[in-house]
Amino acid sequence: MPSAQTKILWLRKTLRIHDNPTLKACMEDASTVLPVYVLDKWHSNPQNVGDVRFEFIMESLRNLDEKFKKCGVDAGVIFVRGEPEKVLPKIWEAVDAKAIGFDTSEEAEKHSQKTDEDVAGLANKADVKVIDEPAHWMHPPGLYERHMNGGEVPTTMSSFETLFSQCGSVREPLSAPKSIPYDKGTADKALDAIRKALDVEDLTVPKSGDNKFYKGLKREQRKLRFPGGEDEALKRLEKVVEKQPDWVASFEKPKTAPTGLEPQTTVLSPYLNAGCLSLRRAWHAVKKAEKDAKGKPTQPPTSLAGQLLWREHWLTIGYFTEEDISKMKGNPLARQIDWDWDNDAKELFAKWEAGETGYPFIDAIMTQLREEGWIHHLARHMVACFLTRGDCFVSWEKGFDVFDRLLIDADWSVNSCNWMWLSCSAFFYQYFRCYSPISFGKKWDPDGDYIRKYVPALKDMPKKYIYEPWKAPREVQEKAKCIIGKDYPERIIEDHTATSKENMNRIKEDYDLSSSTVK
Ligand SMILES: Cc1cc2nc3c(=O)[nH]c(=O)nc-3n(C[C@H](O)[C@H](O)[C@H](O)COP(=O)(O)OP(=O)(O)OC[C@H]3O[C@@H](n4cnc5c(N)ncnc54)[C@H](O)[C@@H]3O)c2cc1C
């Protein structure tokens, strides 16, 4: 098919048109830009991607589809299924594309990085130009690499901040294009050619509630608490950052409550991870808010700008570390700990995941995670500590998998690094400082409103027992219509204080062992 200037934009985690330099580069000299999303097997499996996370991605794609259409791309987002390295060559051959654009800074996970390399290799062989203009981070990976001391990846926030400042100021974000090159005649022929090459009829993004590509799961259609998409992302940025400079300037992460019925932090993470919002755009909005505020702004690492630096810090670690940092073995960052994985440990893990630990604060958090796909940072601390070194002594890798499946902001690098931190496997080693599943929540929410919302079985439990319902006398349980062991589970760990002390000793032993075996 004659189409000298057809270019493909492969969409993955830059689900936006603002600050999208790869899109901009694709538009140069193009007569037609075809945005393509490839749903692979891994993402369509509910064992890897939970229903809320999946729906968040689909909503983001539907919004992007509308935005492309508004820019003149009548076809919108072309939605296909299969493995990218198999499907994309068929597409570029069918439409005789001259170039394919994708942002390789989006992927740090090793299998995905390999897929990117494979696609780039196949494109080069087919004489299809690869356009890659990194914009998933504040600075492109190549710039960090140039400033890294002999390739050394910073593993502390202060060394990362030094590297960050050496890279200069963060580039201003690009504005969204008003129109995108699209020749209808060429595009219609291209769509027909794609249908034929892939042997499919429908190339449109699945509608809300359409689960036919999402194996086996029959989920009721329901509204997400945090809807996906670029429009939502920009609205949220405006509401939480641009319109409240004083709040931004006084932000101190450790002072925000994990138990707020309304989030106490920005909830920008899902949008940053899916690329509905550019990190550079968020950074400049935060910096402007700090300038416009009346008072002196708080400082990293606890300020809001500091939070964005944490993100960038973990992204660099995941991207530049050659080994798989989501696993303990062979991971140069992680201390080797002899976590339990016998039948008892498996049972503890299953109850933790299901939100049936018998500790109301833990169960409330795990329920919010499952139903809404987002929980506050300190809530993540609480359940991560409980699963690992605090109570269950189950490996952080298991917790990583659950978060990866359920979080709408799931990010491979950020998730791995935070789980290593919380389990005292890397970056933080004060294993003797442990979160209590009783007093930690109580400090923020003495009435237990958060628990009442997410664990309805306990909604009438008196305040005195809401964090420790097993202590409620039988008549109190009856009055609250919540009999422990029947309406709400017994504790899976009977004595948190004693268990956490034992676990501290175990961690210490493993630390001692690993330091004595280090040659
Ligand atoms: C065990 C564990 C697992 C986690 N897994 C993820 C994950 O998969 N994806 C993810 O984005 N965050 C993860 N976090 C980090 C953090 O909890 C979330 O980024 C944050 O809670 C998101 O809420 P927010 O947007 O309201 O954050 P805010 O406090 O409003 O911060 C603004 C932005 O800064 C970034 N940020 C804030 N805290 C961190 C942090 N500690 N590390 C990296 N970036 C940060 C986020 O992009 C966030 O949107 C994890 C934390 C823990 C303890």
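Residues numbered from 1 in each chain as written. Predicted model: local features only at pLDDT ≥ 70, side-chain atom pairs only at ≥ 80, totals over all residues. Heavy atoms only, no water.

### Structural notes on the UniProt feature "site: Electron transfer via tryptophanyl radical" (unreviewed entry) in the protein
Rules: UniProt positions are given in the numbering used here, feature names are shortened, and annotations may be inferred rather than shown by experiment. Per the convention used, a helix needs a DSSP run of H or I reaching at least four residues, while a strand needs a run of E reaching at least two, with both numbered from the N terminus. Buried, partly exposed and exposed residues are distinguished by accessible area as a fraction of the type maximum, computed with a 1.4 Å probe on protein chains only: under 20%, between the cut-offs, and over 50%, respectively.
The feature "site: Electron transfer via tryptophanyl radical" (unreviewed entry), as annotated in UniProt, sits at Trp-339, Trp-396 and Trp-419 in this numbering. On the basis of their most widely separated C-alpha atoms, the annotated residues across 81 residues gather in one place, lying no more than 13.9 Å apart. Structurally, Trp-396 can be placed in helix α16 (residues 396-406). In this structure Trp-396 comes out as buried when scored by relative accessible area, which is 0%. Here Trp-419 shows up in helix α17 (residues 412-422). Judged by relative accessible area, Trp-419 falls into the buried class, the value being 1%.

### Re helix α13 (residues 343-354)
Our working rule: A helix is expected to reach a length of 1.5 Å times the quantity of its residues less one. In what follows, a contact means two residues having at least one pair of non-hydrogen atoms within 4.5 Å.
Taking 1.5 Å per residue, 12 residues should reach 16 Å; α13 reaches 16 Å between its end C-alpha atoms and fits that length. Where α13 is buried, its residues touch α14 (360-372), α15 (377-390), α16 and α17. With its phi angle positive at about 70°, Gly-355 sits one or two positions after the end of α13.

### Brief notes about the nonpolar core
What counts is decided by this rule: We define a nonpolar core as any set of buried Ala, Val, Leu, Ile, Met, Phe, Trp, Tyr and Cys residues linked to one another through side-chain atoms lying within 4.5 Å. Note that the domain bounds reflect an automated or database-derived domain assignment.
Residues Phe-68, Val-80, Trp-92, Ile-100, Tyr-144, Val-241 and Trp-352 are the most contacted members of the largest nonpolar core, which totals 171 residues. With 9 residues, the single largest contributor to this core is helix α12 (residues 304-320). Lining this core are residues from two domains, each supplying at least three of them: domain 1 (6-136 + 182-198) and domain 2 (343-517). In this structure Trp-352 touches Thr-357, Ile-362, Met-366, Val-383, Phe-386, Leu-387, Gly-399, Val-402, Phe-403 and Trp-419, once residues within four positions along its chain are discounted.

### Quick look at the site of the ligand
Counted only if it meets this: The cutoff for a nearby residue is simple: one of its non-hydrogen atoms must lie within 4 Å of the molecule or strand. Nitrogen and oxygen atoms within 3.5 Å of one another constitute a polar contact, given that in protein one can donate a hydrogen and the other can accept it, and given that sequence-neighbouring residues count only through two side-chain atoms. Each accessible area value is a Shrake-Rupley result obtained with a 1.4 Å probe; residue values ignore everything except the protein chains displayed when judging cover. Any residue outside Ala, Val, Leu, Ile, Met, Phe, Trp, Tyr, Cys, Pro, Asp, Glu, Lys and Arg is labelled polar, Gly included; the first ten of those are nonpolar and the last four are charged.
Inspection of the region around the ligand gives 29 residues, with Thr-265, Thr-266, Val-267, His-377 and Asp-409 positioned closest. Contact between the ligand and Leu-268: an oxygen atom at 3.0 Å from a main-chain N or O atom of the residue. The backbone of Gln-307 places a nitrogen or oxygen atom 3.3 Å from an oxygen atom of the ligand. Considered on its own, the ligand offers 810 Å² of accessible surface; in the complex 99% of this is hidden by protein. No other element matches α12, which puts 6 residues into the shell around the ligand. Of the residues in the shell around the ligand, the class split is 15 nonpolar, 9 polar and 5 charged.

### Considering α16
Most of α16 sits inside the fold, with 9 of its 11 residues counted as buried. Considered for burial, the residues of α16 that qualify are Trp-396, Glu-397, Gly-399, Phe-400, Val-402, Phe-403, Asp-404, Arg-405 and Leu-406. Considering only its buried residues, α16 is in contact with α2 (51-70), α13, α14, α15 and α17.

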